[in-house]
There are 2 protein chains.
Amino acid sequence: MTGIDDVAKLAGVSTATVSRALSGRGHVAPATREKVAHAASQLGYVVNAEASSLATGRTRNVGVVVPFLNRWFYTSVIEGAQRRLMQYGYDLTLYNLSGNEHERASVFEHFLLRKRVDAVLAVSLELTADEVDSLHALGRPLVGVGGPIPGVPTFSIDDVAVTKLATEHLLSLGHRVIGHIGGDVERELSFHLPTHRRAGYELALRDAGIEPDPELYFPAVFTMESGYQAAKQLLGGPRHRPTAIVAASDEMAIGAIIAARDMGLEVPRDLSVIGIDNHDLAPFFNLSTVDQHPELQGERAVELLMKALQQSNGDDVPAVDQPLPFDLIVRGSTARVPLTAAAVDSAHG
Amino acid sequence: MTGIDDVAKLAGVSTATVSRALSGRGHVAPATREKVAHAASQLGYVVNAEASSLATGRTRNVGVVVPFLNRWFYTSVIEGAQRRLMQYGYDLTLYNLSGNEHERASVFEHFLLRKRVDAVLAVSLELTADEVDSLHALGRPLVGVGGPIPGVPTFSIDDVAVTKLATEHLLSLGHRVIGHIGGDVERELSFHLPTHRRAGYELALRDAGIEPDPELYFPAVFTMESGYQAAKQLLGGPRHRPTAIVAASDEMAIGAIIAARDMGLEVPRDLSVIGIDNHDLAPFFNLSTVDQHPELQGERAVELLMKALQQSNGDDVPAVDQPLPFDLIVRGSTARVPLTAAAVDSAHG
DNA sequence: CAGGGGCCTGCAAGCGCTTGCAAACTCGGG
DNA sequence: CCCGAGTTTGCAAGCGCTTGCAGGCCCCTG
């Protein structure tokens, strides 16, 4: 394979000059730069990343750690991150934690330690303290996405605000009996997002003078199936049936829509449903939702990493969570509360 | 950071011995090996991948090239591939071609040429001849998944056989008027999979003595939305309504199921639907399908790459397509043809 | 007891690139 | 015409690891 020596020979200069000309560092006479560029392209020369890394200490590669791959949110974040990384000339190496405990541990204790990455992007992970420590021990910039990580700069949407917005949308349509499908209670300790989303829902209700009714909340993991089951219970329960549901994710919301249909309810005539995400499938199901722009989250995280890499002292990016924008998207799954229900409700109040 | 020298000093041996002890190459006395291992773990030493790569010429990293990320099939293949790669101690760096033309080109002309990968796994790509050339020019083992690539060893399911199997399942249930939703005709030139799947459908019909009716075929891209639209046309057309539909993917099949429901048809009473994939969502929609085990495809591809890497002359893996297993999974979306339709059909015959 | 053949281990030369340092050269002002 | 400052280039020393080679040791055989 052609190496820097070949280019140097062809261009009639030293390897040092080739290196400087191609990397843009240091002074090179324009004519020389031109000669070198020409020789390099003629030979199809591309700098050997490994050798360059060894010499500079910078790999032009970032590690992206995800808890799962097979979910819309993660792949979207990765897509956004990768797009930006490519623009900066960086590779992306992927670490997926969805294997067993042993594999998860080995990512932190072995793979990431090989100094193959300049920086790490942690997507939507709730990490143990040990894991955070071992990431810090890398001495590389570290940024999180999809939820705050203590001691780490992160980008995420405000999970409270986001369900608050969704709930307010329903309130503004006149709904008063609003159910919630969200986080699995058992996992709340290790994964705060669902709790936050539920808090936003409750906050919006209280702001509207409505005391949240625990019987209108059903836990679910973040899948259609689980949303379906929760909605069935919510809609079929002994209680006064809600006129609207806010689900903590679009997939659960879609499950709820399908459950409603199966129960003979028409959306949005008999039931309004709103989710969070703006999932790929949301338009198809005509689902109102709150767009959380995951690709943007990935892009912003990469930008921050790049900034951190440019500074000599990588650590002076403040370790706080930066909120990212989100947008209410009204489609056809939400509508004004039906008159009858409104009447029932006002009779209540 | 601790380097090999530190370990050598602590263990009281030379760096050469540390290297040999840790890598398992060459002879090292058991006692020495033990000492070194102890010193290394005490210091938390992990070999620097960059330096090791430079010295050995092997990176312990493979590039995975995908056309999109945000689709079930690709992420599933990647998950399988990554799992295996981890077991072999390999990293995975991801190249996503879903950007613009320029970005796509730069993956082939720049990123992959940096010698950062030992091998390349190309997932479900229909590559241009130039692109295949540039992959070969890497001089690294190359394996494809998800469809044959000329001149490259690949793993994939037999796309003809797979829809043939699905169609035969419907035939065995007594269906005679079977529609197909599949590949977008416009893309057929560059992407053969849909055509193959359609061919399998037609083959099964002919084997059963039924001449495929072009009006029972509707093109669609591989999304729910598109499957929904195609199914609406298929079911609402002027012709004799089919009693069953075989869709070229589960997402299209699910679209079809929803379309049927929206038209007041009950699945499987009024219409049987079968897809291909065994998508994550298939169980939820109770969809009969043909499982194509994408994670397995990823795993097998990695195994072949590893074998190729072990051989001195990387190229003597035969450049043929190896068929992988697939399995009919019968769920609740397919059933015996209704008597009335059967009667109509026999009246026809 | 001498000699031969394995085993272990260390030495040192790279792997392909970057970069501090210094030499050589250019140019303008005095 | 000379000198100094600035520009351009090359030299060579690494970056941290691997590995061919050779030396030292030990043990077995004749």
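If you look chain A up in an unreviewed UniProt entry, it shows as LacI family transcriptional regulator from Microcella putealis.

Student: So what about the packing of helix H1 (residues 4–11) of chain B against helix H3 (residues 30–43) of chain B? Which residues, and what values?
Tutor: Residue and element names in this part refer to chain B. Remark: H1 packs on H3, axes separated minimally by 9 Å, with the N-to-C direction vectors making an angle of 125°. Classified by the interaxial angle, the pair formed by H1 and H3 is oblique. Crossing handedness for the pair H1 and H3: right-handed. On the side of H1, the interface is formed by Asp6, Val7, Leu10 and Ala11, while H3 contributes Lys35, Val36, Ala39, Ala40, Gln42 and Leu43. Classifying every residue of the contact of H1 with H3 gives seven nonpolar, one polar and two charged.

Student: Give me the confidence of the model for chain A: which residues, what numbers.
Tutor: The share of residues in chain A with pLDDT of 70 or more is 93%, and the mean pLDDT across the chain is 90. Taken as a whole, residues 342–349 of chain A scores under 50 in pLDDT and shows five contacts with residues more than four places along the chain or in a different chain.

Student: Could you give an account of the UniProt feature "domain: HTH lacI-type" (unreviewed entry) in chain A, with specific residues and numbers?
Tutor: With numbering aligned to this structure, UniProt lists the feature "domain: HTH lacI-type" (unreviewed entry) at residues 2–56 of chain A. When the span residues 2–56 of chain A is considered, its composition is 71% helix and 0% strand, and the gap between its end C-alpha atoms is 20 Å.

Student: Residues and numbers for the packing of aromatic side chains, please.
Tutor: In the structure shown here, the tally under the stated rule is eight aromatic pairs over all chains. With a centroid separation of 5.3 Å and an interplanar angle of 75°, the aromatic rings of tyrosine 228 of chain A and phenylalanine 284 of chain B are classed as edge-to-face. With tyrosine 228 of chain A in helix H10 (residues 224–236) and phenylalanine 284 of chain B in the loop between strand E9 (272–277) and strand E10 (288–291), this residue pair bridges two chains. Judged by relative accessible area, tyrosine 228 of chain A falls into the buried class, the value being 12%. Seen from their ring centres, phenylalanine 284 of chain B and phenylalanine 285 of chain B are 4.9 Å apart, and the 70° between their planes marks the pair as edge-to-face. According to the relative accessible area criterion, phenylalanine 285 of chain B is buried, its value standing at 5%. Grouping aromatic residues by their ring pairs yields a cluster made of Phe68, Phe73 and Tyr74 of chain A. Looking at arginine 198 of chain B, its charged tip hangs above the ring of tyrosine 217 of chain B, at a distance of 3.8 Å from the centre.

Student: Residues and numbers for the protein's contact with DNA strand D, please.
Tutor: By nearness alone, 25 residues border DNA strand D, and Thr17 and Thr32 of chain A together with Ile4, Ser19 and Tyr45 of chain B come closest of all. Atoms of DNA strand D within 4 Å of the protein belong to the sugar or the phosphate in 67% of instances, the rest to bases. For the surface near DNA strand D, the elements supplying multiple residues, two or more each, are helix H2 (15–23) and helix H4 (49–56) of chain A together with helix H2 (15–23) and helix H4 (49–56) of chain B.

Student: Would you mind going over the relation of the copies chain B and chain A in detail, with residue names and values included?
Tutor: It takes a turn of 180° to lay chain B on chain A, together with a shift of 0.0 Å along the axis; the resulting RMSD is 0.1 Å. Expressed as an axis order, the relation between the two copies is that of a two-fold axis. By C-alpha distance to the rotation axis, the residue of chain B lying nearest is threonine 93 of chain B, at 2.0 Å. Comparing contact sets, 100% of the residues at the interface of chain B also lie at the interface in chain A, consistent with an isologous, same-surface contact.

Student: Hey, could you go over the sheet that holds strand E9 (residues 272–277) of chain A for me, with residue numbers and the actual values?
Tutor: In sheet architecture, strand pairing relies on hydrogen bonds along the backbone and comes in two forms, parallel and antiparallel. All names here are of chain A. Read across the sheet, six strands follow the order E7-E6-E8-E9-E10-E12 without closing on themselves; strand pairing throughout is mixed. Strands at the two margins of the open sheet, each flanked by one partner only, are strand E7 (217–219) and strand E12 (327–329). With direction set aside, neighbouring strand axes in the sheet form an average angle of 20°. Where strand E10 (residues 288–291) and E12 come together, three bridges link them in antiparallel fashion. Its bridge partner being in E12, valine 290 is matched across the sheet by leucine 328. Across the sheet, helix H9 (residues 193–207) touches strand E6 (178–182), E7, strand E8 (244–247) and E9, and the angle it forms with E6 is around 170°. Strands in contact with helix H11 (residues 250–262) are E6, E8, E9 and E10; relative to E9, the strand with the most contacts, it is inclined by about 160°.

Student: Requested: an account of the pairing of strand E6 (residues 178–182) of chain B, with residues and values cited.
Tutor: Strand residues, when the strand is regular, have side chains that alternate between the two faces of the sheet. Residue and element names in this part refer to chain B. Across the five residues that make up E6, a large majority, five, are buried. Side chains of E6 alternate between two faces, with Ile178, His180 and Gly182 and Gly179 and Ile181 buried alike. With four bridges joining them, E6 and strand E8 (residues 244–247) adopt parallel strand pairing. Bridging across to E8, histidine 180 finds its partner in valine 246.

Student: Describe the protein's contact with DNA strand C, listing the residues and the values that go with them.
Tutor: Ile4, Ser19 and Tyr45 of chain A together with Thr17 and Thr32 of chain B are the nearest of the 25 residues found near DNA strand C. Near-protein atoms of DNA strand C (within 4 Å) split between backbone and bases, with sugar and phosphate holding 67%. With respect to DNA strand C, the side chain of serine 19 of chain A contributes an N or O atom lying 2.5 Å from a phosphate oxygen. Here a phosphate oxygen of DNA strand C sits 2.9 Å away from a polar atom, N or O, in the side chain of arginine 25 of chain A. Mapped by element, the contributors of at least two residues to the surface near DNA strand C are H2 and H4 of chain A together with H2 and H4 of chain B. Partitioned by chemical class, the residues of the surface near DNA strand C number twelve nonpolar, ten polar and three charged.

Student: Pulling in residues and values, what's your account of the packing of helix H6 (residues 101–109) of chain A against helix H5 (residues 72–87) of chain B?
Tutor: It is at 11 Å that the axes of H6 of chain A and H5 of chain B come closest, and there the two elements cross at 65°. It follows from the interaxial angle that H6 of chain A and H5 of chain B lie roughly perpendicular. Read as a crossing pair, H6 of chain A and H5 of chain B show a hand that is left-handed. Residues Glu103, Ser106 and Val107 of chain A of H6 of chain A touch H5 of chain B, and the partners they reach there are Arg83, Met86 and Gln87 of chain B.

Student: Which residues make up the sheet that holds E10 of chain B, and what values do they have?
Tutor: All names here are of chain B. With mixed pairing, the six strands of this open sheet are ordered in space as E7-E6-E8-E9-E10-E12. Edge positions in the sheet fall to strand E7 (217–219) and strand E12 (327–329), since each of these pairs with one other strand and no more. Taking the axes of each pair of neighbouring strands and ignoring which way they run, one obtains an average angle of 20° across the sheet. Note: E8 against E9, three bridges, orientation parallel. Note that in E9 the partner of valine 246 across the bridge is isoleucine 274. On the sheet, helix H8 (residues 159–172) packs against E6, E8, E9, E10 and E12 and is oriented at approximately 160° with respect to E9.

Student: Explain H8 of chain B to me, using residue names and the numbers behind them.
Tutor: Structural remark: α-helix, 3.6 residues per turn; residues separated by three or four positions point the same way. Residues and elements named next belong to chain B. With 14 residues, H8 ought to run about 20 Å at 1.5 Å a step, and its terminal C-alpha atoms sit 20 Å apart, in line with that. Looking at H8, one finds that the buried residues are Asp159, Val162, Thr163, Ala166, Thr167, His169, Leu170 and Leu171. Buried positions along H8 lie against E6, helix H9 (193–207), E8, E9, E10 and E12. Regarding H8, its N-cap is aspartate 158, as a side-chain oxygen of that residue lies 3.0 Å from the backbone nitrogen of valine 160 further along. Downstream of H8 by one or two residues, glycine 174 has phi in the positive range, about 100°.

Cut-offs and rules
For every chain, the first residue of its written sequence is number 1, and the numbers climb from 1 along that sequence. All chains are assigned letters beginning with A, and all ligands numbers beginning with 1, in the order in which they are written. Note on the predicted model: pLDDT of at least 70 is required for a residue's local features to be given, and 80 or more for side-chain atom pairs to be given and counted; whole-chain, interface and lining totals, by contrast, use all residues. Water and hydrogen atoms play no part in the side-chain values, which are based on all heavy atoms of the structure. Note on definitions: angles span 0 to 180 degrees between N-to-C directions of axes, and those axes are lines fitted to C-alpha atoms, for helices only across the stretch in contact. Where helices and strands are cited, they refer to DSSP runs of H or I of at least four residues and of E of at least two residues respectively, numbered from the N terminus. Any angle that is under 35 degrees is reported as roughly parallel, and any over 145 degrees as roughly antiparallel; angles of 65 to 115 degrees are reported as roughly perpendicular and all others as oblique. The handedness criterion is simple: a crossing whose near helix is rotated anticlockwise from the far helix by less than a right angle is left-handed, and one whose near helix is rotated clockwise is right-handed. Should any heavy atoms of two residues lie within 4.5 Å, those residues are considered in contact. Under the convention adopted here, Pro, Cys and the residues Ala, Val, Leu, Ile, Met, Phe, Trp and Tyr are nonpolar, Asp, Glu, Lys and Arg are charged, and Gly plus all remaining residues are polar. What pLDDT reports is the predictor's confidence in each residue, on a scale of 0 through 100. UniProt positions are given in the numbering used here, feature names are shortened, and annotations may be inferred rather than shown by experiment. Within 6.5 Å between ring centres, the rings of Phe, Tyr and Trp (the latter by its six-membered ring) count as paired, and their orientation is classed by plane angle as stacked under 30 degrees, edge-to-face over 60, tilted in between. A simple rule labels every residue: compare its accessible area, found with a 1.4 Å probe on the protein chains alone, to the largest value its type can have, and call it buried under 20%, exposed over 50%, or partly exposed in between. As a reminder, the over-ring test applies to NZ of lysine and CZ of arginine, requiring each to be within 6 Å of the ring centre and within 35 degrees of the ring normal. Near is defined per residue: the residue qualifies when any heavy atom it owns lies within 4 Å of the molecule or strand. We place the copies in one frame by least squares, fitting the C-alpha atoms of every residue whose pLDDT is at least 70 in both. Strands are treated as partners if at least two bridges between them are detected by DSSP. We call two N or O atoms a polar contact when they sit within 3.5 Å, provided that within protein one can donate a hydrogen and the other can accept it, with sequence-adjacent residues counted only if both atoms are side-chain atoms. The length a helix should cover is 1.5 Å for every residue beyond the first.

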